[in-house]
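# Topology and contacts: notes
For reference, the chains in residue letters:
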Amino acid sequence: MASIRRQAPSNATSAIKPGSRSPLHATKRNETHAPRPTTISNFAVTYRCNGRCKTCNIWKMENPEHGEMGIDDIQSLFESNRDILGDVGSIQLTGGEPYMRGDLPEIVSTIHHHLPRCTFWIPTNGMLPETVEMTAEILETLDGRSLGVSVSIDGGEKTHDDLRGIEGSHRNAVETLEGLSHLRGEHQNLALSVGMTVAQENCGEMLEVAQLAKRFGADFTFRPVNHSEIYYRNPVEGPNPAFVADRILPAIREIGRDLQRRKGLRASTPTLRYMQGALDYIRDPRDRSLPCSAASDSFFLDPYGNVYPCIFLDMPLGNALEKPLHEMWRSREAAAARRIIGGGGCPNCWVECETFREIRRDVRGLISAALRALLHPSTAGIS
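Here goes a summary of the coordinates provided. Think of each chain on its own: its residues are numbered from 1, step by step along the sequence as written. Where totals are concerned, whole chains, interfaces and linings use all residues; where local detail is concerned, this predicted model gives features only for residues with pLDDT of at least 70, and gives and counts side-chain atom pairs only at 80 or more. In computing side-chain properties, one takes all heavy atoms of the structure into account and sets aside hydrogens as well as water.

### Some details on the overall build of the protein
- Along the backbone of the protein there are eleven helices and nine strands.
- The reference for a compact globule is 2.2 Å times residues^0.38; the radius of gyration itself is calculated from the C-alpha atoms. For a compact globule of 383 residues, the expected C-alpha radius of gyration is about 21 Å, and the protein comes in at 20 Å, within 12% of that figure.
- Expressed along its principal axes, the backbone C-alpha trace of the protein runs to roughly 55 × 45 × 40 Å.
- Counting every position in the protein, which comprises 383 residues, the buried fraction comes to 58%.
- Long-range contacts, defined as pairs at least 24 residues apart, comprise 80% of the intrachain contacts of the protein with a sequence gap of at least 6.
- Entry remark: accessible area of the protein is about 16,200 Å², with carbon and sulfur atoms responsible for 50%.
- In summary, the charge assignment counts Lys and Arg as positive and Asp and Glu as negative, without counting His or the chain termini. Lys charges are placed at NZ, Arg charges at CZ, Asp charges at CG and Glu charges at CD. Side-chain charges in the protein split into 44 positive and 47 negative, and the spacing between the mean points of these groups amounts to 8 Å. Helix numbering and strand numbering both begin at the N terminus, where a helix is a DSSP run of H or I of at least 4 residues and a strand a DSSP run of E of at least 2. Here the term buried applies to any residue with accessible area under 20% of the maximum for its type, exposed to any over 50%, and partly exposed to those in between, with areas from a 1.4 Å probe on protein chains only. Contact between two residues is taken to exist if any of their heavy atoms lie within 4.5 Å; hydrogens are not considered. For the area figures, the Shrake-Rupley method with a 1.4 Å probe applies, and any residue is considered shielded solely by the protein chains shown.

Printed below as a string of structure tokens:
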């Protein structure tokens, strides 16, 4: 077991914005006896990163591998917490750059052994040549369970390389995307997408990235720039300029129309709802119309074993190598986090790993998105 457990400086009150207008109404439940979690929204297996992104400062951490959980730590964590984790059906393994962990296939295999019904999602910058080979190795361990890989591409070559801070990173990402596309032909349980972080520097290139994804048979998703002191380590410099929403609106409508043509309205509706929510978030990050079940149905696990409600709320619940998860889940700290989230006091976000879970439960929102798409086909109901 690693001898040191790194902990991000905690200041829970800094995460609560006075006067927040966010109508986050979590499902009422006994705050100290919440149901078992169903999702690990993010397990950051490492903070090591070979990128130099302008929208994220994880790569600036000094010696991020110091205190990082080894495979024995991860084995112990999931074995000793099998009861509380028994309902977990999906995990996103993130970083840093998760493929910088040479033992990533072993990590997935270890978790799969203890949670055999669990599916996995791995975002990657696609810069490492061994990504495709490691993904093939992971697929062999999953016994047909689903694995999704999302390759980050943030624009055309020049824009992407500038935002990612590495010359040639776009070329490497496209090569990885192509390799994964071929791999998917051999593995039906591999899902593939292209993920874009939308900022004012690249907001005019969304359609280009979406078309690149389509060329390789991959889905396309995006998220606005989000801010987090405990994860991205990017201090809030102000919201995305509102003009970004205006710039991406035509592209989102075209992407939405194409999505409906290819997948049908029913399968497309959650994504249409997500895209509308992303636009609304860019226009006013304080106003989020979805509830949130972080700290009730999901949590964030960092590379050192520290547990948080999510990657945005700086309220540590404890360290999973030092305290059983079931104790943390029923602790006063967890209850306080649920009260803050349920009362609209969290920092707000709009990222796939936190919002799609809630979108799929929001029947009224899904019906509304579907009706708008039916009534306004030229815009896919997106405004």
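### Some words on the sheet that holds strand E3 (residues 119-124)
- Between any two strands, at least two bridges found by DSSP are needed for them to pair. Pairing in this open sheet of nine strands is mixed, and the strands run E6-E5-E4-E3-E2-E1-E7-E8-E9 from one edge to the other. Of all strands in the sheet, those bounded by a partner on one side alone are strand E6 (219-224) and strand E9 (318-319).
- Here strand E8 (residues 306-308) runs beside E9; their pairing, made up of two bridges, is antiparallel. Looking at the pairing, Asn306 lines up with Asn319 of E9.
- An axis is simply a line fitted to the C-alpha atoms; with a helix, the fit covers only the stretch in contact. Between two such axes, the angle follows the N-to-C directions and lies from 0 to 180 degrees. Its contacts with the sheet place helix H6 (residues 206-215) against strand E5 (190-198) and E6, and it is angled at close to 150 degrees to E6.

### Concerning the packing of aromatic side chains
- Each Phe, Tyr or Trp ring, with Trp reduced to its six-membered ring, pairs with another whose centre is within 6.5 Å; inter-plane angles below 30 degrees give stacked pairs, above 60 give edge-to-face pairs, and intermediate values give tilted ones. A complete count under the given rule lists twelve aromatic pairs for this structure.
- Considering the side-chain rings of Tyr274 and Phe356, the 4.8 Å spacing of their centres and the 10 degrees angle between planes classify their relative orientation as stacked. In this pair, Tyr274 sits in helix H7 (residues 243-283) while Phe356 sits in helix H10 (residues 352-359), placing the two residues 82 residues apart along the sequence.
- With a centroid separation of 5.8 Å and 25 degrees between ring planes, the pair formed by Phe300 and Tyr308 is classed as stacked.

### Notes on a negative patch on the surface
- Among the surface-exposed residues, Glu130, Glu133, Glu137 and Glu140 lie close enough to one another that they form a single negatively charged patch.
- Along the polypeptide, Glu130 turns up in the loop between E3 and helix H3 (131-141).
- A relative accessible area of 33% places Glu130 in the partly exposed class. Here a patch means residues that are over 30% exposed by relative accessible area and free of salt bridges, tied together within 9 Å if like-charged and within 5 Å if nonpolar (Val, Leu, Ile, Met, Phe, Trp, Tyr). What makes a salt bridge here is a side-chain nitrogen of Lys or Arg within 4 Å of a carboxyl oxygen of Asp or Glu, nothing more.

### Describing a nonpolar patch on the surface
- Among the surface-exposed residues, Val363, Ile367, Leu371, Leu374 and Leu375 lie close enough to one another that they form a single nonpolar patch of about 520 Å² accessible area.
- Along the chain, Ile367 turns up in helix H11 (residues 363-375).
- A relative accessible area of 48% places Ile367 in the partly exposed class.

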